[in-house]
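Letter by letter, the chains look like this.
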2 protein chains.
Amino acid sequence: MNAPRSRRERPAKPALTRAGIVATAVGLMKAEGLDRVTMRRLATELDTGAASLYVYVRNTAELHAAVLDELLGTVNLRPGKGEWQDRLVEVLTSYTKVLFDHPGLAQSALVARPSGPHYLNLVEAVLALLSEGGIPPGQAAWGIDLLLQTATATAAEHQAGDSPADWDLVEAAVRNASPKTHPHIAALGSDLLSGSGPQRLAWGFRVLINGTRSTPREPSE
Amino acid sequence: MNAPRSRRERPAKPALTRAGIVATAVGLMKAEGLDRVTMRRLATELDTGAASLYVYVRNTAELHAAVLDELLGTVNLRPGKGEWQDRLVEVLTSYTKVLFDHPGLAQSALVARPSGPHYLNLVEAVLALLSEGGIPPGQAAWGIDLLLQTATATAAEHQAGDSPADWDLVEAAVRNASPKTHPHIAALGSDLLSGSGPQRLAWGFRVLINGTRSTPREPSE
DNA sequence: ACCTGAACACCGTTCAAGT
DNA sequence: ACCTGAACACCGTTCAAGT
């Protein structure tokens, strides 16, 4: 009890810093989801007014981007042993899972192009694996966007709606497709919706890896 | 002048119907963008209160989905002559362009799974082309998701931010990547960001078509 | 049945004024 | 320089009350 304290015992309001704001935002997001990470809600959490945050953060989009990069620090960039393709799928799956586990995060990754340090580490790790696999550099340079975009979009799609009602609609639409007007949909039927999420995603990554390897960029490009 | 009219000349407020609401929403979206298609704004346009719309529309997400399907009616499903791959890329590019031309639409397509009649027509057209190309049905059934998702995500990414500031950040991040810590990023350098949007997208579609053709689904799946 | 006004519970962002 | 309260201009959705 030797440190001097202010007269009244209070939760000790810490000085505002960008790092502190982002850290609080990450905590709030883990607790309540990204859509609750609003300027006003966050300000309340920090025991201040929303206006004060604008000294450290340009706007809500930038705040969400900072939260995203923080979370990307938890992606597993060092997969186990195995073929380079398997390890690549492992990294991409880890990335997808991080987005998937935090509703709203994938959405924000699609809208505001990530460029934080943890995102760069992810890009580097994926490029290293593509290089190890002998993918031509030009194709790797364009292919990585496709790989990360697919991961991000899959995460955004598969929990954004959240509501199974949407899925019921899709299922009904496929089932009710007339063989007259939509013969191919009718023929494939439930196979269009078959497979678990992870199964389809892993297959999708293989498709992209194989396609990137075998599809040259036009000479003029 | 023979039809009976109400005493005062007024802009003739039409009775509310779901079709009328959606049509007005489409007009509003074309004029001001999807983010202005709010319940309140739309109600003002229809000269009523926001609460009235809830008789015809479950919520904002459903309204946006209806607007999306309306717009999908303008996708070109009957491309010219040429190899099936080229025609497929043409259809997908048309779809991407429709989303791209209407800010916010792609976002909404990612969040609320489309299942309207025009969307089904698009799926049918793409499946027909994959079938014509001899893609095994099982691979086509899963591949179509990948194709449409890539189109949607690309549209969402490339105009959502809208701000070139985001891109400047990415560019700076790539340029400042140290060869020590990020050797592959440094080695590829500007090639990571090279190419026009349409060039990269067309290449991406080829990657997916080639990959879908050459990547079998696991027997157990 | 359909429509309405009012209410509840929120938003992002700016700005003049204070310390 | 940093922080604040108040204001401006909005949101989605629900509900009791009217026609």
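- Looking at an unreviewed UniProt entry, one finds chain A named AcrR family transcriptional regulator and attributed to Kibdelosporangium banguiense.

**Side note on the relation of the copies chain A and chain B**
Here comes step 1: Of the transformation superimposing chain A on chain B, the axial component is 0.0 Å and the angular component is 180°, with the fit at an RMSD of 0.0 Å. Taken together, these values place the two copies in the relation of a two-fold axis. The position closest to the rotation axis in chain A is occupied by the C-alpha of Gly211 of chain A, lying 2.0 Å away.
Here comes step 2: A symmetric contact is evident, with 100% of the interface residues of chain A recurring at the interface of chain B.

**Focus on the UniProt feature "DNA-binding region" (unreviewed entry) in chain A**
Here comes step 1: Using the residue numbers shown here, the UniProt feature "DNA-binding region" (unreviewed entry) corresponds to residues 38–57 of chain A.
Here comes step 2: The distance separating the terminal C-alpha atoms of residues 38–57 of chain A is 12 Å; by composition the span is 55% helix and 0% strand.

**Focus: the UniProt feature "domain: HTH tetR-type" (unreviewed entry) in chain A**
Here comes step 1: On the UniProt side, "domain: HTH tetR-type" (unreviewed entry) is annotated at positions that read residues 15–75 of chain A here.
Here comes step 2: Structurally, residues 15–75 of chain A is divided into 64% helix and 0% strand, and its ends, taken at the C-alpha atoms, are 30 Å apart.

**A word on helix α4 (residues 60–72) of chain A**
Residues and elements named next belong to chain A.
Here comes step 1: A rise of 1.5 Å per residue sets the reference length of α4, with its 13 residues, at 18 Å; its end C-alpha atoms lie 18 Å apart and thus fit the reference within 8%.
Here comes step 2: Looking at α4, one finds that the buried residues are Leu63, His64, Ala66, Val67, Leu68, Asp69, Leu71 and Leu72.
Here comes step 3: For α4, the N-terminal cap is Asn59; the gap from its side-chain oxygen to the backbone nitrogen of Ala61 is 3.2 Å.

**So, the packing of helix α4 (residues 60–72) of chain B against helix α7 (residues 117–132) of chain B**
Residue and element names in this part refer to chain B.
Here comes step 1: As a packed pair, α4 and α7 sit with axes 7 Å apart at the nearest point and diverge in direction by 50°. As judged from the angle between their axes, α4 and α7 are oblique. For the pair α4 and α7, the sense of crossing is left-handed. Facing Asp69, Glu70 and Leu72 of α4, the residues of α7 in contact are Pro117, His118 and Tyr119.

**Quick look at the pattern of salt bridges**
Close approach of charged atoms allows side chains with opposite charge to pair.
Here comes step 1: Per the counting criterion, the structure on display carries 22 salt bridges over all chains.
Here comes step 2: Here Asp101 of chain A and Lys97 of chain A are joined by a salt bridge, their closest N and O atoms 2.9 Å apart.
Here comes step 3: A salt bridge links Arg113 of chain B to Glu157 of chain A; the nearest nitrogen and oxygen atoms lie 3.7 Å apart. Here the residue Arg113 of chain B occupies a position in the loop between α6 (105–111) and α7, and Glu157 of chain A occupies one in helix α8 (residues 137–160), the pair thus bridging two chains.
Here comes step 4: Three or more residues joined by partner-sharing salt bridges are found here, namely Glu32, Arg36, Arg41 and Glu45 of chain A.

**Considering the protein's contact with DNA strand D**
Here comes step 1: Taken together, 16 residues surround DNA strand D, and among them Thr48, Ala51 and Tyr56 of chain A together with Arg40 and Tyr54 of chain B come closest.
Here comes step 2: Restricting the count to atoms of DNA strand D within 4 Å of the protein gives a sugar and phosphate share of 59%.
Here comes step 3: Contact between DNA strand D and Ser52 of chain A: a phosphate oxygen at 3.0 Å from a side-chain N or O atom of the residue.
Here comes step 4: Between Tyr54 of chain B and DNA strand D, the recorded distance is 2.9 Å, taken from a side-chain N or O atom to a phosphate oxygen.
Here comes step 5: Taken together, the elements giving at least two residues each to the surface near DNA strand D come down to α3 (50–53) of chain A together with α2 (39–45) and α3 (50–53) of chain B.
Here comes step 6: With three residues, the top contributor of residues to the surface near DNA strand D is α2 of chain B.
Here comes step 7: Its residues placed into classes, the surface near DNA strand D shows seven nonpolar, five polar and four charged.

What counts, and where the lines are drawn
- Residues numbered from 1 in each chain as written.
- Chains lettered and ligands numbered in written order.
- Predicted model: local features only at pLDDT ≥ 70, side-chain atom pairs only at ≥ 80, totals over all residues.
- Heavy atoms only, no water.
- Least-squares fit on C-alpha atoms with pLDDT ≥ 70 in both.
- Contact = heavy atoms within 4.5 Å.
- UniProt positions renumbered as here; feature names shortened; annotations may be inferred.
- Helix = DSSP H or I, 4+ residues; strand = E, 2+ residues; numbered from the N terminus.
- Expected span 1.5 Å × (residues − 1).
- Buried < 20%, exposed > 50% of the residue type's maximum accessible area, 1.4 Å probe, protein only.
- Polar contact = N/O pair within 3.5 Å; in protein donor to acceptor, adjacent residues only side chain to side chain.
- Axes fitted to C-alpha atoms, helices over the stretch in contact; angles between N-to-C directions.
- Parallel < 35°, antiparallel > 145°, perpendicular 65-115°, else oblique.
- Left-handed = near helix turned anticlockwise from the far one by under 90°.
- Salt bridge = Lys/Arg side-chain N within 4 Å of Asp/Glu carboxyl O.
- Near = heavy atom within 4 Å.
- Nonpolar A, V, L, I, M, F, W, Y, C, P; charged D, E, K, R; others polar.

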